[in-house]
Amino acid sequence: MNRRLAISIQGVVQGVGFRPFVYRTAVESSLSGWVRNRPDGVRIEVQGPAERLDRFLEALRQDHPRQAVIDSIEVREIAPADDAGQGFEILTSDADAEKRPSIPADLATCPECQQEIESTAERRFAYPFTNCTNCGPRYSIIESLPYDRPRTSMKSFSFCPECEAEYRNPLDRRFHAQPIACPRCGPRLELLAHDGRSLACEDEALRQAIEAVLAGKVLALKGLGGFQLLVDATDDRAVNLLRERKHREAKPLAVMFPSLEALRQCCSVSSQEAEALLSPQAPILLVRRLTGGPTRVLAESVAPGNPRVGAMLPYTPLHRLLLAGLERPVVCTSGNLSDEPMCVETREALARLGKVADLFLVHDRPIVRPVDDSVAKVGPRGLELLRRARGFAPLPIRLKEKAPTILAVGGHLKCTAALSLGDQVIVSQHLGDLDSAEGAALLERTVDDLLRFFDARPEMVACDLHPEYVSTRIAERIARNWSIPLERVQHHHAHVAACVAEQSIEGEVLGLAWDGTGWGLDGTIWGGEALACAGPELRRFASLRPFRLPGGEMAMREPRRSALGLLHEAGELRAKELTGQWFSPEEFQALCGILERQVSSPVTSSIGRLFDAVSAVLGIRLRNGFEGQAAMELEFAADGVADEESYPLLLVPRGDLLLLDWAPMLEALLAERDHGIPVPILSARFHNSLADGALAIARQAAIPKVVLCGGCFQNDRLTRTVRERLEGSGFEVFIPRRVPPNDGSISLGQVLVAARRRSSTSESALRLKTNS
Ligand SMILES: [Zn+2]
Ligand SMILES: [Zn+2]
Ligand SMILES: [Zn+2]
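Definitions and limits used
Residues numbered from 1 in each chain as written. Chains lettered and ligands numbered in written order. Predicted model: local features only at pLDDT ≥ 70, side-chain atom pairs only at ≥ 80, totals over all residues. Heavy atoms only, no water. Helix = DSSP H or I, 4+ residues; strand = E, 2+ residues; numbered from the N terminus. Rg over C-alpha atoms; globule rule 2.2 N^0.38 Å. Contact = heavy atoms within 4.5 Å. Areas by Shrake-Rupley, 256 points an atom, 1.4 Å probe, with all protein chains shown as cover. Pairing = 2+ DSSP bridges. Axes fitted to C-alpha atoms, helices over the stretch in contact; angles between N-to-C directions. Salt bridge = Lys/Arg side-chain N within 4 Å of Asp/Glu carboxyl O. Buried < 20%, exposed > 50% of the residue type's maximum accessible area, 1.4 Å probe, protein only. Donors = N, O, S within 2.8 Å, 3.2 Å for Na, K, Ca; no water. Tetrahedral: all angles 85-135°; square planar, octahedral: opposite > 155°, others 65-115°. Parallel < 35°, antiparallel > 145°, perpendicular 65-115°, else oblique. Left-handed = near helix turned anticlockwise from the far one by under 90°. Nonpolar A, V, L, I, M, F, W, Y, C, P; charged D, E, K, R; others polar. Arc of directions from axis to C-beta. Core = buried A, V, L, I, M, F, W, Y, C linked by side-chain atoms within 4.5 Å. Polar contact = N/O pair within 3.5 Å; in protein donor to acceptor, adjacent residues only side chain to side chain. Right-handed = clockwise from strand over helix to strand, strands pointing away. Phe/Tyr/Trp six-rings, centres within 6.5 Å; stacked < 30°, edge-to-face > 60°. Lys NZ or Arg CZ within 6 Å of the ring centre and 35° of its normal.

### What about the overall build of the chain?
Working step 1: Along the chain, the regular secondary structure elements total 24 helices and 31 strands.
Working step 2: For 772 residues, the compact-globule estimate of 2.2 N^0.38 gives 28 Å, and the C-alpha radius of gyration of the chain, at 27 Å, lies within 12% of that figure.
Working step 3: Here the contacts in the chain between residues at least 6 apart in sequence split such that 72% fall between residues at least 24 apart.
Working step 4: A total accessible area of about 30,200 Å² is found for the chain, and carbon and sulfur atoms account for 49% of it.

### Let's talk about the sheet that holds strand 3 (residues 41-49)
Working step 1: The strand order 4-1-3-2-5 describes an open sheet built from 5 strands, whose pairing is mixed. On the outer flanks of this sheet lie strand 4 (69-78) and strand 5 (88-90), each paired with one strand and no other. On average, each strand axis in the sheet is inclined to that of its neighbour by 15°, with strand direction left out of account.
Working step 2: As paired elements, strand 2 (residues 32-38) and strand 3 share 7 bridges and run antiparallel to each other.

### A short note on the sheet that holds strand 20 (residues 418-427)
Working step 1: Read across the open sheet, the 5 strands follow the order 18-20-19-21-22; overall the sheet is mixed. The outermost strands of the open sheet, each flanked by one partner alone, are strand 18 (396-403) and strand 22 (486-489). The sheet shows a mean angle of 30° between the axes of neighbouring strands, taken without regard to direction.
Working step 2: For strand 19 (residues 406-408) and strand 20, the ladder comprises 2 bridges, and the chain directions are antiparallel. Note that in strand 20 the partner of alanine 408 across the bridge is alanine 418.
Working step 3: Lying over the sheet, helix 12 (residues 437-453) contacts strand 19 and strand 20, oriented at roughly 155° with respect to strand 20.

### Topic: the pattern of salt bridges
Working step 1: With the rule as written, the count across this model stands at 55 salt bridges.
Working step 2: Glutamate 116 is the salt-bridge partner of arginine 173, the closest N and O atoms lying 2.8 Å from each other. You can see arginine 173 sitting in the loop between helix 5 (161-168) and strand 6 (189-193) and its partner glutamate 116 sitting in helix 4 (residues 111-118), a full 57 residues away along the chain.
Working step 3: On the accessibility criterion, arginine 173 (19% relative accessible area) is buried.
Working step 4: Classification of glutamate 116 as buried rests on a relative accessible area of 9%.
Working step 5: Here aspartate 643 ties to arginine 685 by a salt bridge, and the two come within 3.1 Å at their closest N and O atoms. Of this pair, aspartate 643 sits in the loop between helix 20 (629-637) and strand 28 (650-654) while arginine 685 sits in helix 22 (residues 679-701), placing them 42 residues apart in sequence. Like aspartate 643, the residue arginine 685 is buried in the burial classification.
Working step 6: Salt bridges sharing partners connect three or more residues here, namely Glu116, Arg123, Arg124, Glu162, Glu166, Arg173, Arg174 and Arg184.

### A short note on the coordination of the zinc ion (ligand 3)
Working step 1: Coordination of the zinc ion (ligand 3) by the protein involves His491 (NE2), His495 (NE2), Asp515 (OD) and Asp743 (OD), with metal-donor separations of 2.0 to 2.2 Å.
Working step 2: Seen from the zinc ion (ligand 3), its 4 donor atoms lie at angles of 87 to 157°, and the figure they make is irregular.

### Points about the coordination of the zinc ion (ligand 1)
Working step 1: Around the zinc ion (ligand 1), the protein supplies Cys110 (SG), Cys113 (SG), Cys132 (SG) and Cys135 (SG) as donor atoms, at distances of 2.3 Å.
Working step 2: Motif for the zinc ion (ligand 1), donor spacing along one chain: C-x2-C-x18-C-x2-C. Remark: cysteine 132 occurs in the loop between helix 4 and helix 5 and cysteine 110 occurs in the loop between helix 3 (95-99) and helix 4; sequence separation between them is 22 residues. Summarising the burial analysis for this pair, cysteine 110 and cysteine 132 share the class buried.

### Thoughts on the packing of helix 19 (residues 607-617) against helix 22
Working step 1: Axis separation between helix 19 and helix 22 bottoms out at 12 Å; the angle between their running directions is 155°. As the angle between them shows, helix 19 and helix 22 are arranged roughly antiparallel. Note that helix 19 runs across helix 22; the crossing there is right-handed. Between helix 19, through Ile607, Leu610, Phe611 and Val614, and helix 22, the contact on the second element is made entirely by Phe686, His687 and Leu690.
Working step 2: Tallied by class, residues from the contact of helix 19 with helix 22 come to 6 nonpolar, 1 polar and no charged.

### Here's the deal with helix 4
Working step 1: When helix 4 is considered as a whole, its buried residues turn out to be Cys113, Glu116 and Ile117. Axial view of helix 4: buried residues confined to an arc of 95°, hence all on one face. Residues of helix 4 that are exposed and angled more than 90 degrees away from the buried face: Gln115 and Glu118.
Working step 2: Residues of helix 4 that are buried in the fold lie against helix 10 (317-326).

### Describing the environment of leucine 321
Working step 1: For leucine 321, the position within the fold is in helix 10.
Working step 2: Along the primary structure leucine 321 and leucine 361 are separated by 40 residues, whereas in three dimensions their C-alpha atoms are 13 Å apart.
Working step 3: Here leucine 321 is in contact with Ile117, Ala126, Tyr127, Pro128, Leu206 and Ile210, once residues within four sequence places are set aside.

### Regarding the nonpolar core
Working step 1: Ranked by size, the top nonpolar core spans 63 residues in total, and within it Trp514 and Trp662 carry the most contacts.
Working step 2: Considering each element in turn, this core owes the most residues, 9 residues, to helix 22.
Working step 3: Core analysis: the next-biggest nonpolar cluster, separate from the first, contains 43 residues, Ala238, Leu263, Ala276 and Ala376 among them.

### Here we look at the side chain of threonine 416
Working step 1: Considering the arrangement of structural elements, one finds threonine 416 in the loop between strand 19 and strand 20.
Working step 2: From its side chain, threonine 416 meets the backbone oxygen of glycine 744 in a polar contact 2.9 Å long.
Working step 3: Among the polar contacts listed, one links the side chain of threonine 416 to the side chain of serine 747, at a separation of 2.8 Å.
Working step 4: Not counting residues up to four positions away in its chain, the partners in contact with threonine 416 are Val409, Gly410, Val427, Ser428, Gln429, His430, Leu431, Gly744 and Ser747.

### Side note on the pairing of strand 21 (residues 460-464)
For a regular strand, side-chain orientation follows a simple rule: the groups alternate between the two sheet faces.
Working step 1: Of all 5 residues in strand 21, 5 are buried, a share of seventy percent or more.
Working step 2: Here 3 bridges tie strand 19 to strand 21, and the two strands are oriented parallel to one another. Opposite alanine 408, over in strand 21, you have alanine 462 as the bridge partner.
Working step 3: Where strand 21 lies against strand 22, 4 bridges are found, and the strand directions are parallel. Considered in strand 22, the bridge of alanine 462 is made with glutamate 487.
Working step 4: Since strand 21 and strand 22 lie parallel, the crossover through helix 13 (residues 470-482) that links them has a hand, and here it is right-handed.

### Quick word on the packing of aromatic side chains
Working step 1: Tallying each qualifying case throughout the model produces 10 aromatic pairs.
Working step 2: Aromatic side chains tyrosine 23 and phenylalanine 88 sit 6.4 Å apart centroid to centroid with 65° between the ring planes, which places their arrangement in the edge-to-face category. Of the two residues, tyrosine 23 is situated in helix 1 (residues 18-28) and phenylalanine 88 in strand 5; the sequence distance between them amounts to 65 residues. Each of the two residues, tyrosine 23 as well as phenylalanine 88, counts as buried.
Working step 3: Taking the centre distance of 5.9 Å and the plane angle of 85° together, the rings of phenylalanine 547 and tryptophan 662 count as edge-to-face. Taken as a pair, phenylalanine 547 in strand 26 (residues 547-548) and tryptophan 662 in the loop between strand 29 (657-661) and helix 21 (663-674) lie far apart in primary sequence, 115 residues in all. Judged on exposure class, the residue phenylalanine 547 and its partner tryptophan 662 are both buried.
Working step 4: Above the face of the tryptophan 662 ring, arginine 545 is positioned so that its terminal group lies 4.7 Å from the ring centre.

So this is what it looks like as structure tokens:
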């Protein structure tokens, strides 16, 4: 007796080989019916005997492609149709499905492809561009939608007969896999000297590249989403050479390990961490280094003084072949200069990286847009992204509510752009900082891309409140060109809203936005804010007691200036100590002068700058080599310290705002320092004090839901202690996970705030209309 089921599946089920999987599963069980893409997922009708249908449903849930994410499966029984015995079909997508397709993300090599490149019997043995429906490049090669080979950078490669047959066979793993290729018909490797001379091709290119890295040379590799720079991570001299040439003195470098086993020789990796590393997204994962013993394989210069290392496993066949030949971990860092975007074209890479790399291992599959490696860590509730790019972008984030079409341009550092379409927000990959002309150009290109891909006409554009941001100017131009309204969203409001959007939090929340800098509603630099947020509204409930930053921008790079500003505000100015240790007498005089006169020394309530100041006061770091260095080293100083004590950090009213007064804490900290209490203990107590402060604020606000966001919550110790304090007192704590806590999430938050402002104005307009 045949029955028929109508099945609706929601989640990430398009562009991930889901329909071929459904097809194969149905055909294997001799079920009839069809599958097709729908705007919100996949729809299946399937018919056959009951027990085979049960097995089919079971397979949908258990055996689906690992890169698919099923949010929900809805099953209804319907009347049997007369297609019984006519087999199973993949139907073309619905007309509306074509209007809003999703763009698939790049995926790490799947186990089957891995096996093929390792097996001499396979025609893709050792072929660096092997991929299938379950893996390979996507977003980095798509030129336009719908996603089909002629609209990717694979268009110039025509199929050989064997690849074509695989592509056309619904039972093959490569059925409709757009980027597939083989040694006969696909892209090829080439090794170039730094002046662009060709040195070798294919296997020989790979062999010479491996030799060069083993000899301590710097290799520029054209990877999946852009150029990367590789050196032997066990060779201190090679790592330092790369640092010197890249002008990157101290910032930690990511390391690619040949295998999980090799990684476990240097780092402790939990089963959850292993799962993340081996996932199709294969991010760079922050894992703890093992200490002592014969485990010091990594050169110290990879991540100096850092108890963790950013580790990843080979995620393309090319990386896999390289690492198999090297048999050791390699530094694998973005091919750029300081914070510019990654190079994607060979000519551009030769021009920009010619003085950094000795050799260039390149190929002829064009990269359409830079897609950096994602960075993540495993937190108490699973994976938490710190940089959202390869593997995750541009998969949509689903909102609880429908939004108008809003384009958001993000902030200034770690910029992303976002576009809302109905109840989905497409957040672009991490674009980097906008200080360089290249960075700004990349943001403009990304905005064009998003609009073009989805054929979208924005109804509004959203940007930061900061009048000088490059992104703000770009947004102003877009608003003019499209004649659409511009919504300016306060930076920390956007931080809170991003977490609200990502985790579909309902009702009012208290957002603790602890950050470096963001333009405040009062024109000062905010960054230690407690914001009560409901709908589009924002109420500044509490803030860090403000202090001045002598020299403004310079203070971001020089924690000693933050410390001077803090001590000056506290009246704790120990001139002798400071002049001797931190500044020349002339500098000191000048900086005190501007603080006294209140010129060139903007007011800030930034917790990021408080971290800087305390780092300097404790003698940890006076000048930052990279953004956040002083704060990171202050965190690391307390590594492994279990100390429960804290300093007084009081909440005092000033007008209708509560201020978190750091002065008593600073006094106690300095006194303990002068009594010779070790720095690790002082650092632990400083973190504890901030957690006390967070709890005091939350209790006063009495809002049960608390969001932790902003760059400071990249600090593991801070996040853990604040969370424990709050949860211990019954608060529900939210931390962004699928978007980073840092400025990478600003564009998503801007979208939500702009959408809610729009819906509240249209509601009040409606009320006015009904009243009159
Ligand atoms: Zn594959
Ligand atoms: Zn082929
Ligand atoms: Zn921020």
